[in-house]
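# Fold and geometry: a report
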Amino acid sequence: MATALQFRQALRVGPPGDIWHKPALSAVATLGVLNLTLLAVGRLDLALYTSAGGLGALYGHGLPYRARARTLAGVLLGTVLSTAAALTAAALTRDAVVLVAVAAGLAALHKLGCDAARIGPPGSLIITFTSASCAFVPQRPADLPPHLALTALGAALAWLVGMAPALLRPYGPERIATARALEAAARLARSAPGTPDAAARTALVGAVDAARQSLALSSPARWRALGDAPERLLVHAESALAAPAGPAAESVTESTTESTTESTTESAAESAAAAAERYTAWARDLRRGRPLPLLDLTEAEAAELRAHRPGPRPSLRQALRPGSPLLPIGLRVAVGCAAAGWLSLAFGVGRPYWAVVTAASVFQANSTLSWHRALQRVLGNLIGLAVFTAVLPLAHSGQPAMIGLGLLCQFGAEATIARSYWLATVFVTPMALLMTEFAGLQPARTLVADRWLDTCVGALTGLAACLLVTNHRTATRLSRALTRAETATREARVAAADAAVGSEAAAVRSGLATALLELREAADAATGEWRRPALPHQRTADAEQHAHHLLAALLERRGARP
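Residues numbered from 1 in each chain as written. Predicted model: local features only at pLDDT ≥ 70, side-chain atom pairs only at ≥ 80, totals over all residues. Heavy atoms only, no water.

### Describing the overall build of the chain
- On a plain count of helices and strands, the chain comes out with 24 helices and 0 strands.
- Out of the 562 residues in the chain, the part that is buried amounts to 49%.
- Excluding contacts between residues fewer than 6 apart, the proportion of contacts in the chain whose partners are at least 24 apart in sequence is 82%.
- Put simply, the chain shows about 25500 Å² of open surface, and 63% of that area lies on carbon and sulfur atoms. (Helix = DSSP H or I, 4+ residues; strand = E, 2+ residues; numbered from the N terminus. Buried < 20%, exposed > 50% of the residue type's maximum accessible area, 1.4 Å probe, protein only. Contact = heavy atoms within 4.5 Å. Areas by Shrake-Rupley, 256 points an atom, 1.4 Å probe, with all protein chains shown as cover.)

Structure follows, in structure tokens:
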């Protein structure tokens, strides 16, 4: 029964992402321009190098444009450097064993760097895919400069495409982040009165924190365009976490009649429904670019708004310090990818980098998620191979058709990746196979057989690495997060008793919210790890309950009007 449940969880198809069309259209525009240009000059065989840089258009779409410019530049620089390392290795040796080791080492560095820097989707996988592919393309030293120049050209175009929407909606990402917080507040408000949903409360805390981080990363010119209207909306969204001023369960005495109880409950439900509609309407205005309302605040809310500053994010050095839970994952990637590539060579597969990329795609935050990803990868590849076989006659009708099918698959992958990884892989698989044919048509049976074998080898080897390279540091991380949450709870209890206001109250509440989010993230990662020590589940649940209670009490006091 548990196994069937795990299968259903792994293969569940969720709702679409709210900005899925942004990376989809950006990638199609970038790769379309690059591939059609190469087609016009008769050098479509060079598409691998331009695509290595052009796929950077998938990154950074949730960031304000000021931060996106820096993040995209860093990701694209890392892509160019990784491509340079892969091409240099390919030029220096034809030994496939050595090239697999190079690709595996690069995959581990990509995983560590992207996770430490909190690079959002698609994470390290795209960079690993392009660099591993380049490592197995025969090179001459004289070819390195022009090939790297093509990668840099693709990266430059990706940066321009990624930044282009700023001309139309310069503060669109900040609006979307604020809208997500309001939508999370609406979901919480719609929950049944008296039975608060802990997951919905944590989701709202995270959405508000993400929105404030987005606003903090925004350009200073945003104040001239929007003022503090987004911050005021976030204050109201956060107020959904506050405990009701007079909960029905507490206001009803033993002598209260049943009709009075029902009337109070109905009144609370109607008030919550009205609040949910209000949050939803504000979120809709934000997403559609409409003028923002300037909402009234209490004196305490206004004081905290002036004093509030989002807490600092962990630096890259801190994330990779000795003892970091990211380091065992990096070791897993290196060991798993190398073993997958070498095993693929032992089976006589001509493209071992597919096994390397499959193994790299398997490794997630914990072993359970890695198992889910392996299952999703295998299923998606199997269906994707059937799709590739079906469209092959059309693809072989000419290079324009091949380019069009590749772009269609790219769009389909981005349209479905937020819903389900296996569904996105159905599109990724034919897209990757079509890219191998840009340099020349290849036997379909060999392509399909190699891809299927490499998928199975990579998935199984990745799971074996999860079993062999244990990550007990997830339990250590949970213990530290629990200690920080309990400390933040004690500080919040003192602040509530002292009736703290202004900057002091804002700092205490921000620290408590940050500790709560870190605790939930650490608990999720540790719970899904195999071969781990016993975890303090009850202590974690109690800490989360106390933190939510104190957050509600502090917010209720902040929102009280004299």
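### What about the packing of helix α4 (residues 65–92) against helix α5 (residues 96–116)?
- In the contact formed by α4 and α5, the axes pass within 10 Å of each other and the chain directions differ by 170°. Here α4 is positioned roughly antiparallel relative to α5, judged by the angle of their axes. Here Ser 82, Ala 85, Ala 86, Ala 89 and Ala 90 of α4 lie close against α5, whose contacting residues are Leu 99, Val 102, Leu 106 and His 110.
- By residue class, the composition of the contact of α4 with α5 is 7 nonpolar, 2 polar and no charged. (Axes fitted to C-alpha atoms, helices over the stretch in contact; angles between N-to-C directions. Parallel < 35°, antiparallel > 145°, perpendicular 65-115°, else oblique. Nonpolar A, V, L, I, M, F, W, Y, C, P; charged D, E, K, R; others polar.)

### Quick word on the packing of aromatic side chains
- Scanning the model with the defined rule gives 4 aromatic pairs in all.
- Seen from their ring centres, Phe 136 and Tyr 353 are 5.8 Å apart, and the 35° between their planes marks the pair as tilted. Placement of the pair is Phe 136 in the loop between α6 (125–135) and α7 (144–163) and Tyr 353 in helix α17 (residues 353–362), with a sequence separation of 217 residues. Note on accessibility: Phe 136 and Tyr 353 belong to one class, buried. (Phe/Tyr/Trp six-rings, centres within 6.5 Å; stacked < 30°, edge-to-face > 60°.)

### Some words on the environment of Leu 482
- With respect to the element layout, Leu 482 can be found in helix α22 (residues 473–497).
- In the structure, Leu 482 is positioned 54 residues away from Pro 536 in sequence and 9.1 Å away in space, judged by C-alpha atoms.
- Apart from the residues within four sequence positions on either side, Leu 482 is in contact with Leu 519, Pro 536, Arg 539, Thr 540 and Ala 543.

### A word on a nonpolar patch on the surface
- Among the surface-exposed residues, Leu 382, Ile 383, Val 387 and Trp 452 lie close enough to one another that they form a single nonpolar patch of about 290 Å² accessible area.
- In terms of residues, the nonpolar patch owes the most to one element, helix α18 (residues 367–395), which gives 3 residues.
- Mapped onto the fold, Leu 382 is located in helix α18.
- Assessed through its relative accessible area of 45%, Leu 382 is described here as partly exposed. (Patch = residues over 30% accessible without salt bridge, like charges linked within 9 Å, V, L, I, M, F, W, Y side chains within 5 Å. Salt bridge = Lys/Arg side-chain N within 4 Å of Asp/Glu carboxyl O.)

### Concerning the confidence of the model for the chain
- Averaged over the chain, the pLDDT score is 85; the fraction of residues at 70 or greater is 90%.
- Summarising per-element confidence for the chain, the mean pLDDT is lowest in helix α12 (residues 248–251) (33) and highest in α7 (97).
- The low-confidence segment residues 244–260 (pLDDT under 50) makes 8 contacts with residues lying over four places distant or belonging to another chain. (pLDDT = per-residue confidence, 0-100.)

### Here we look at the pattern of salt bridges
- Tallied over the entire structure, the rule returns 17 salt bridges.
- One salt bridge connects Asp 285 with Arg 290, and the closest N-O pair in it is separated by 2.9 Å.
- The partly exposed category is assigned to Arg 290, whose relative accessible area is 35%.
- Taking the shortest distance from any N to any O, the salt bridge between Arg 477 and Glu 518 comes out at 3.1 Å. Remark: Glu 518 occurs in helix α23 (residues 502–527) and Arg 477 occurs in helix α22; sequence separation between them is 41 residues.
- Among the residues examined, Arg 477 registers a relative accessible area of 18% and is labelled buried.

### Thoughts on unusual backbone geometry
- Each neighbour pair has its own omega, and for Pro 121 with Pro 122 the value is 5°, a cis peptide bond.
- Here Pro 122 lies in the loop between α5 and α6.
- Even without being glycine, Arg 118 reaches a positive phi, approximately 55°.
- Relative to the elements of secondary structure, Arg 118 occurs in the loop between α5 and α6.

### Digging into helix α8 (residues 172–189)
- The end-to-end C-alpha separation of α8 is 26 Å, in line with the 26 Å expected for 18 residues at 1.5 Å each.
- Most of α8 is tucked away: 15 of the 18 residues are buried. (Expected span 1.5 Å × (residues − 1).)

### Things to note about the environment of Asp 18
- Mapped onto the secondary structure, Asp 18 falls in the loop between α1 (2–11) and α2 (21–40).
- Note: C-alpha distance between Asp 18 and Ile 176 (158 residues apart in sequence) is 8.9 Å.
- Once residues lying within four places of it in the same chain are set aside, the contact partners of Asp 18 are Ile 176, Arg 180 and Arg 287.
- At 2.8 Å, the side chain of Asp 18 and the side chain of Arg 180 are in polar contact.
- For Asp 18, the side chain forms a polar contact with the side chain of Arg 287, separated by 2.8 Å. (Polar contact = N/O pair within 3.5 Å; in protein donor to acceptor, adjacent residues only side chain to side chain.)

### A closer look at the packing of α18 against helix α21 (residues 444–468)
- Two elements in contact, α18 and α21, have axes whose closest approach is 9 Å; the angle formed by their N-to-C orientations is 175°. Comparing their axes, α21 and α18 come out roughly antiparallel. Mapping the contact onto sequence places Ser 367, Ser 370, Trp 371, Ala 374, Arg 377, Val 378, Asn 381, Leu 382, Leu 385, Phe 388, Thr 389 and Leu 392 in α18 and Ala 444, Leu 447, Val 448, Arg 451, Trp 452, Thr 455, Ala 459, Leu 463 and Cys 466 in α21.
- Considered class by class, the residues forming the contact of α18 with α21 number 14 nonpolar, 5 polar and 2 charged.

### What about the nonpolar core?
- In terms of nonpolar packing, the biggest core is built from 61 residues, with Tyr 59, Cys 337 and Phe 438 touching the most fellow members.
- Considering every element that reaches this core, the biggest residue donor is α5, with 8 residues.
- Beyond its immediate chain neighbours, meaning those up to four positions away, Tyr 59 contacts Leu 72, Val 75, Ile 119, Gly 120, Pro 121, Pro 122, Gly 123, Ile 126 and Ile 127. (Core = buried A, V, L, I, M, F, W, Y, C linked by side-chain atoms within 4.5 Å.)

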